[in-house]
Amino acid sequence: MSNTVFEDEIRLSNRPLVISDIDEVVLEFLDPFRSFLESRDHVLLPRSFRLTGNIIHRATERAASEADVKDMLDAFYATQDRWQTPTAGVVETSPRIVQAG
């Protein structure tokens, strides 16, 4: 495999590339996000596979709007260093994945 340069200057080499979903694979999402929501007086009621309609204000029991859910996700990810934690085993496993290449 030769080195390839794309227009945006991404350089590919002979090293392997690991592509992984991050939520619940590398970083926990659900439990930290629930804690985040609780800090904002909301709860997650998993009635479907969507966040919109399932994030409820604790006092009013009203579902957060799609815009509010987006704002909460943006705030969660902006402060993720305070909330997210590695999934079980990822710290021990990831060096083996990197070394395998």
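Residues numbered from 1 in each chain as written. Predicted model: local features only at pLDDT ≥ 70, side-chain atom pairs only at ≥ 80, totals over all residues. Heavy atoms only, no water.

Engineer: Can you help me understand helix α2 (residues 66-78) in this one?
Structural biologist: For an α-helix, the turn length of 3.6 residues means that residues three or four places apart are oriented alike. If you check α2, its first and last C-alpha atoms are 18 Å apart, about what 13 residues at 1.5 Å a residue would give, namely 18 Å. Of the surrounding secondary structure, the elements contacted by the buried residues of α2 are α1 (30-39), β3 (42-44), β4 (55-57) and α3 (80-83). (Helix = DSSP H or I, 4+ residues; strand = E, 2+ residues; numbered from the N terminus. Expected span 1.5 Å × (residues − 1). Contact = heavy atoms within 4.5 Å.)

Engineer: Looking at this structure, how should I read the pattern of salt bridges?
Structural biologist: A complete count under the given rule lists two salt bridges for this structure. Among the ionic pairs, arginine 34 bridges to aspartate 31, the shortest N-O distance being 3.9 Å. Residue arginine 34 and its partner aspartate 31 are located together in helix α1, separated by three residues, close to a single helical turn. Residue arginine 34 is classed as partly exposed on the basis of its relative accessible area, which comes to 29%. Classification of aspartate 31 as partly exposed rests on a relative accessible area of 48%. (Salt bridge = Lys/Arg side-chain N within 4 Å of Asp/Glu carboxyl O. Buried < 20%, exposed > 50% of the residue type's maximum accessible area, 1.4 Å probe, protein only.)

Engineer: Looking at this model, I keep getting lost on the nonpolar core. Mind explaining?
Structural biologist: Looking at soluble globular proteins, one finds that nonpolar side chains tend to be buried together. Phe29, Phe33, Phe36, Leu37, Leu44, Ile55, Ala64, Val69, Met72, Leu73, Ala75 and Phe76 form the largest nonpolar core, which has twelve residues in total. Counting residues per element, this core draws most heavily on α2, which supplies five residues. (Core = buried A, V, L, I, M, F, W, Y, C linked by side-chain atoms within 4.5 Å.)

Read these as geometric descriptors, not functional statements.
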